[in-house]
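# Examining the three-dimensional arrangement
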Amino acid sequence: MKGVILSIAPDARLVDITHDVGSHDVAEGGFLISTAYRYFPQGTIHVVVVDPGVGSARRPVAVSSRGHVFVAPDNGVLSPILQMDSEAGAWDAYHITNTALCLDRVSHTFHGRDIFAPVAAHLAVGVPLYTVGPKITDLLVSSPNIPRWVDPNRLMANVVHVDRFGNVVTNLRLEHLGRKFVLHIGDVKVRKLVSHYDDALPGECVAIEGSTGYIEVSVRQASAAERLRLRQGDEIEVESGDSNQ
Amino acid sequence: MKGVILSIAPDARLVDITHDVGSHDVAEGGFLISTAYRYFPQGTIHVVVVDPGVGSARRPVAVSSRGHVFVAPDNGVLSPILQMDSEAGAWDAYHITNTALCLDRVSHTFHGRDIFAPVAAHLAVGVPLYTVGPKITDLLVSSPNIPRWVDPNRLMANVVHVDRFGNVVTNLRLEHLGRKFVLHIGDVKVRKLVSHYDDALPGECVAIEGSTGYIEVSVRQASAAERLRLRQGDEIEVESGDSNQ
Amino acid sequence: MKGVILSIAPDARLVDITHDVGSHDVAEGGFLISTAYRYFPQGTIHVVVVDPGVGSARRPVAVSSRGHVFVAPDNGVLSPILQMDSEAGAWDAYHITNTALCLDRVSHTFHGRDIFAPVAAHLAVGVPLYTVGPKITDLLVSSPNIPRWVDPNRLMANVVHVDRFGNVVTNLRLEHLGRKFVLHIGDVKVRKLVSHYDDALPGECVAIEGSTGYIEVSVRQASAAERLRLRQGDEIEVESGDSNQ
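Residues numbered from 1 in each chain as written. Chains lettered and ligands numbered in written order. Predicted model: local features only at pLDDT ≥ 70, side-chain atom pairs only at ≥ 80, totals over all residues. Heavy atoms only, no water.

### Examining the overall build of chain A
To be explicit about the condition: What counts as a helix is a DSSP run of H or I of at least four residues, what counts as a strand is a run of E of at least two, and both are numbered from the N terminus. Burial here depends on accessible area, computed with a 1.4 Å probe over protein chains only, as a share of the maximum for the residue type. Under 20% is buried, over 50% is exposed, and the range in between is partly exposed. Per-residue and other accessible areas were derived by the Shrake-Rupley procedure at a 1.4 Å probe size, with only the shown protein chains allowed to occlude residues.
Summing up its helical and strand segments, chain A has six helices and 14 strands in all. In terms of principal-axis extent, the alpha carbons of chain A reach across some 65 × 35 × 30 Å. In chain A, which comprises 245 residues, the share counted as buried stands at 51%. If you sum the accessible surface of chain A, you get close to 11400 Å²; carbon and sulfur atoms cover 50% of it.

Okay, structure coming up:
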């Protein structure tokens, strides 16, 4: 992919965000790009290839939003980014159909190299976005991954990512926790919110507002994911509010 | 290595192709560079350091072929690239002996840093290829890794690479399979050729022409290598032709 | 972090040295940067974020030494670099307090993105080092990790790093070994010093002066760390000198 990009856009700056998205894990890939993209300069072109349906009917798309451009399969991977724009028309999406912007020979199994990389490179050298193909309004945007209230003091949250330190990133925001809270994870109850990792006692499981703005479950200098046997997608039950014991 | 290159060639563009070649696996490294290099711009200098014999008598070489330059140990790692040029003289090879192009102090264990990186950097800033040392004609080119026919309807193939999704890349080409085929892998028989990954049923082992041009064995959204317990170098028996059952 | 850097310093060259430092392993991170940094051009800014105490009282610092600049937490990670400068005043250190050089909103858990990356980027575009904050003289420099003599012919060494091939890098220098030596590793005795990996017999454990200038324990084309069950931090007993049996 990088060779293809540099063949078309010799001056492009190439940055790897991550190669650690779980295979075919559209939800995790979408979460990671949604937390990283806004730290890049306006005008950045993000190539987001988490593409389990490569070669099938799913469309390749190019999407412009808040001054950033995303080149990706239309499989929902951009949902966490686009959900933030609640008003209609806050983004522009195009179905990539212009084969002149792709490699001459498009394989059935590696559209990253044959479609997404060359299209991104052409955009990087100034080809206008609307030349990639027809504008579309039916982009696949899945419903937001937010905690689900099951009664006034109880909600079900999700693990959206486990980072390389074993911190467990959830879809909880600070406002979900209330003044008192209990996270039920197997037999473990997490009741303490700390402001940085070092505030936890050795071995203690704590909650912390992470750098993505979401609540993480963390164990000081150890892997909370291993300790609590949590993986991406797992559910966490949360008691929240002043009435909690 | 990157620090050394940038010290000599501050404007060089550095691209990592992979750091996942198995330790000392010259065959796998050779396969990967042979499938990737042609996607890079003409004039690219490829530094190919899969070098189990570092510090021993094996020669460091610089080779020009089809507008690309390769800096590598003379241990056969470039064979898959050079085998494609069947006519004599289709490439130029030089033994790197010019110590002025190397670091002042060459270690016995890291020629990537001390020889290959600085030579590549000097070539990148315009030093002519013939200045690296004497031209040679006895470059080590191993015989091609192609399937071996054992009778008119049966051939033995090899696993040349397992990708990060667990797809098993073989040395088979589409033309080896005939109109009907059976891959025998342990107790599993693979008889179905699909055109993209999504054509397989969940859990089904299928063959597919991969993005490298070689036949892969794949399981939809799972690791075929794990399922079939296949590793780089393993043999696969293939029945091929119309007479297969 | 890279997005932040490129937003401030669009022309910065970004090079990853490694992402394989053990979680929170300040000693290993310090060793790796100390062996790599001098191969980069003068004026390089090194961002060294091995930061178990992120968000706590440990200071963020920027340090200039031998024409290189290091941006890092003040937790000793720079010790292996600074120990080489025995004379006082051989480096200049500053406590990063100037929030104008940081992101607007500094999280408690990711100072790499919010402090170290933007400060490094500002330095890269020419902001003077002294503007980051007050000069300090009490930088945390831990005592050198060198072998400890326990009697005139015996010393205790340490494993400082295991590389990706499984070579075990120690804190021993060639001069520690004497003309004869024995490394005692469990039941295995290593008595042979080779000059390159290929000098070892298959399966033989040997010592070798590695590319970092330190003695490594190595097994030809296999992992010495696995064979000897050695990990970063483990001790190795060394008999040294002519009187060894």
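### Observations concerning the relation of the copies chain B and chain A
Mapping one chain copy onto the other needs a rotation about an axis and a shift along that axis. Condition: Alignment of copies: least-squares fit on C-alpha atoms of residues with pLDDT of at least 70 in both copies. The contact rule is simple, with two residues in contact once any of their heavy atoms fall within 4.5 Å.
Take chain B, turn it by 120°, move it 0.0 Å along the axis, and it overlays chain A with an RMSD of 0.0 Å. Such a turn and shift between the copies fits a three-fold axis. When the interface residues of chain B are mapped onto chain A, a mere 6% of them again lie at the interface, so each copy presents a different face.

### Notes on the interface of chain B and chain A
The parts lose accessible area when they come together, and the size of an interface is often stated as this lost area. Note the cut-off: Two parts placed together each lose some accessible area under a 1.4 Å probe, and the buried area is that loss summed for both. For this analysis, a salt bridge means a side-chain nitrogen from Lys or Arg found within 4 Å of a carboxyl oxygen belonging to Asp or Glu. N or O atoms closer than or at 3.5 Å make up a polar contact, with two conditions inside protein: a donor-capable atom paired with an acceptor-capable one, and, for residues adjacent in sequence, both atoms drawn from side chains. Under the scheme applied here, ten amino acids are nonpolar (Ala, Val, Leu, Ile, Met, Phe, Trp, Tyr, Cys and Pro), four are charged (Asp, Glu, Lys and Arg), and all others, including Gly, are polar.
With 17 residues of chain B at the interface, the matching set in chain A holds 26 residues. Around 1800 Å² of area is buried between chain B and chain A when both sides are counted, 55% of it from carbon and sulfur atoms. Contact with chain A buries surface across chain B, with Arg13, Tyr39 and Ser211 of chain B losing the most and accounting together for 33% of the total. The interface formed by chain B and chain A contains zero salt bridges. Along the contact surface separating chain B from chain A lie nine residue pairs in polar contact (both at pLDDT 80 or more). In terms of residue class, the side of chain B that touches chain A is made up of seven nonpolar, five polar and five charged.

### Some remarks on the pattern of salt bridges
It is possible for side chains of opposite charge to pair when their charged atoms get near one another. This model, assessed by the stated rule, comprises 33 salt bridges over all chains. Between Asp16 of chain C and Lys2 of chain C there is a salt bridge whose closest N-O contact spans 2.8 Å. Taken together, the positions of Asp16 of chain C in the loop between helix H1 (2-8) and helix H2 (26-36) and Lys2 of chain C in helix H1 put the pair 14 residues apart, joining distant regions of the chain. Three or more residues joined by partner-sharing salt bridges are found here, namely Arg59, Asp74 and Asp138 of chain A.

### Focus: the pairing of strand E12 (residues 205-209) of chain A
Residues and elements named next belong to chain A. Using the following cut-off: The criterion for strand pairing is that DSSP finds at least two bridges linking the strands in question.
Counted residue by residue, E12 has four buried out of five residues, so it is predominantly covered. Relative to strand E13 (residues 215-219), E12 is paired through five bridges, and the arrangement is antiparallel. Following the sheet pairing, Ala207 is matched in E13 by Val217. Linking E12 back to E13 in an antiparallel pair, the connection comprises five residues, with Gly213 at a positive phi of about 95°.

### Observations regarding unusual backbone geometry
The general pattern is negative phi for most residues beyond glycine and trans for most peptide bonds. Positive phi outside glycine occurs at Gln221 of chain B, with the angle close to 50°. Here Gln221 of chain B lies in the loop between strand E13 (215-219) and helix H6 (224-228). At Arg229 of chain C, a position not held by glycine, the phi torsion is positive, near 50°. Topologically, Arg229 of chain C is positioned in the loop between helix H6 (224-228) and strand E14 (235-240). For Arg229 of chain C, a relative accessible area of 75% translates into the label exposed.

### What about a nonpolar patch on the surface?
Counted only if it meets this: The patch calculation keeps residues exceeding 30% relative accessible area without a salt bridge and links them within 9 Å when they carry like charges or within 5 Å when they are nonpolar (Val, Leu, Ile, Met, Phe, Trp, Tyr).
The grouping of Met1, Val47 and Val49 of chain A at the surface amounts to a nonpolar patch, some 190 Å² of accessible area in total. Structurally, Met1 of chain A is set in the segment before helix H1 (2-8).

### Things to note about the side chain of His122 of chain A
Residue and element names in this part refer to chain A. Relative to the helices and strands, His122 resides in helix H4 (residues 111-124). In this structure His122 comes out as buried when scored by relative accessible area, which is 18%. Among the polar contacts listed, one links the side chain of His122 to the backbone oxygen of Pro118, at a separation of 2.9 Å. Non-local contacts of His122, meaning those with residues more than four positions away in its chain, are made with Ile8, Ala100, Leu101 and Val127.

### Considering the packing of aromatic side chains
Applied cut-off: Note on aromatic pairs: the rings of Phe, Tyr and Trp (six-membered ring only in Trp) are paired at centre separations within 6.5 Å, and the planes decide the class, stacked below 30 degrees, edge-to-face beyond 60, tilted for the rest. Counted as over-ring charges are cases with an Arg CZ or a Lys NZ within 6 Å of the ring centre that also lie within 35 degrees of the ring normal.
The full count for this structure, using the stated rule, is six aromatic pairs over all chains. With a centroid separation of 5.2 Å and an interplanar angle of 75°, the aromatic rings of Tyr37 of chain C and Phe70 of chain C are classed as edge-to-face. A residue pair is termed long-range when its members are at least 10 positions apart, and Tyr37 of chain C in the loop between H2 and strand E1 (45-47) and Phe70 of chain C in strand E3 (residues 68-73) qualify at 33 residues. Both residues of the pair, Tyr37 of chain C and Phe70 of chain C, count as buried. Here the basic side chain of Arg173 of chain A rests over the ring of Tyr214 of chain A, its NZ or CZ set 3.9 Å away from the ring centre. Taking the ring centre of Phe165 of chain C as reference, the NZ or CZ of Arg164 of chain C above it sits at 5.1 Å.

### A word on the relation of the copies chain C and chain B
Here chain C sits on chain B after a turn of 120° about the axis and a move of 0.0 Å along it, with an RMSD of 0.0 Å. Here only 6% of the interface residues in chain C have copies in chain B that are interface residues too; the copies meet through unlike faces.

### Some remarks on the sheet that holds strand E2 (residues 60-65) of chain B
Residue and element names in this part refer to chain B. Quick reminder of the rule: Lines fitted to the C-alpha atoms define the axes, with helices restricted to the stretch that makes contact. Angles between their N-to-C directions range from 0 to 180 degrees.
With mixed pairing, five strands are arranged side by side in an open sheet as E1-E3-E2-E4-E5. A strand with exactly one partner marks an edge of an open sheet, and here the two such strands are strand E1 (45-47) and strand E5 (135-136). Relative to E5, strand E4 (residues 91-95) is paired through two bridges, and the arrangement is antiparallel. When the bridges of E5 are listed, Ala93 appears paired with Ile136. Set on the sheet, helix H4 (residues 111-124) makes contact with E1, E2 and strand E3 (68-73); between it and E3 the angle comes to about 160°.

### Some points on the interface of chain C and chain B
Each partner contributes residues to the interface: chain C has 17 residues there, and chain B has 26 residues. A combined buried area of about 1800 Å² lies between chain C and chain B, and 55% of that area is made up of carbon and sulfur atoms. Broken down residue by residue, the surface that chain C buries against chain B is led by Arg13, Tyr39 and Ser211 of chain C, which jointly contribute 33%. At the junction of chain C with chain B, the criterion picks out zero salt bridges. Applying the counting rule to chain C against chain B returns 10 residue pairs in polar contact (both at pLDDT 80 or more). Each residue belonging to the side of chain C that touches chain B can be placed in one class, and the counts come to seven nonpolar, five polar and five charged.

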